[in-house]
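Here is what each chain is made of, one letter per residue.
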Amino acid sequence: MISLQLPLSIGPEGLAREEDVRKSISSFLRLLLTSQSGLSADRNFGFLLNNLTFENFDEDEGVVTGRSGVYGKKISGSSINLNTFASELQSIVVKYERRLQNVSATMEYDKRSRVINVTISGVIKGSEEKYQYDSRIQVWK
């Protein structure tokens with residue numbers, strides 16, 4: 001599988017490649033996690049949480065509310081719980097990052113620092129190595 005460097009860069013041989021599979025997967029997950037869904041050529045690409053930047057966040061309940069009420073997904077949780085943003089994240093990672101298998105995602109909201117800690121883990125196909133990606137999302141307020 002060919003892994004392009006992200007952000008894309010053009011070198012003497014054309015689009016630059018990333019030889020380190022872990023770096024390539026991490027770059028792609030960062031792109032997926034920080035992209036709004038519905039804005040690219042593939043309308044499903046991106047993470048739904050980025051579309052909610054102007055919505056209200058109820059810190060006590062741990063949910064996002066908007067004009068149409070509660071979105072029904074909790075900020076904190078894991079991908080085994082269907083009513084969480086972590087479950088949504090796990091679904092898009094499984095769909096778009098096919099170099100990982102046995103994918104799980106967790107999101108934990110730290111009320112004090114207003115940060116969502118995100119962890120995506122899985123196994124790299126082919127090498128069967130365990131993989132983990134950690135990120136932080138600053139909560140709007």
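Our subject is the structure that appears above.
Residues numbered from 1 in each chain as written. Predicted model: local features only at pLDDT ≥ 70, side-chain atom pairs only at ≥ 80, totals over all residues. Heavy atoms only, no water.

Draft legend 1. Region of interest: the overall build of the protein chain. When its secondary structure is counted, the protein chain shows two helices and nine strands. The N-to-C order of helical and strand elements in the protein chain reads β-β-α-β-β-β-β-α-β-β-β. Counting all 141 residues of the protein chain, 40% fall into the buried class. Within the protein chain, contacts between residues separated by at least 24 positions form 40% of all contacts whose residues are at least 6 apart in sequence. Taken as a whole, the protein chain presents about 8,500 Å² of accessible surface, with 50% of it coming from carbon and sulfur. (Helix = DSSP H or I, 4+ residues; strand = E, 2+ residues; numbered from the N terminus. Buried < 20%, exposed > 50% of the residue type's maximum accessible area, 1.4 Å probe, protein only. Contact = heavy atoms within 4.5 Å. Areas by Shrake-Rupley, 256 points an atom, 1.4 Å probe, with all protein chains shown as cover.)

Draft legend 2. View of the sheet that holds strand 6 (residues 77-78). The strand order across the open sheet built from four strands is 6-7-8-9, with neighbouring strands paired in antiparallel fashion. Sheet topology places strand 6 and strand 9 (130-138) at the edges, where each strand pairs with a single neighbour. Relative to strand 8 (residues 115-124), strand 7 (residues 100-110) runs antiparallel, the two being bridged by nine bridges. By the bridge assignment, Asp110 is partnered in strand 8 with Val115. Along the sheet face, helix 1 (residues 21-34) touches strand 7, strand 8 and strand 9 and points at about 35 degrees away from the line of strand 9. Those strands touched by helix 2 (residues 85-96) are strand 6, strand 7 and strand 8, and its axis lies near 150 degrees from that of strand 7. (Pairing = 2+ DSSP bridges. Axes fitted to C-alpha atoms, helices over the stretch in contact; angles between N-to-C directions.)

Draft legend 3. How the structure looks around unusual backbone geometry. Of note in this structure, Arg114 is not a glycine but carries a positive phi near 55 degrees. With respect to the element layout, Arg114 can be found in the loop between strand 7 and strand 8.

The values are spatial; any link to function lies outside them.
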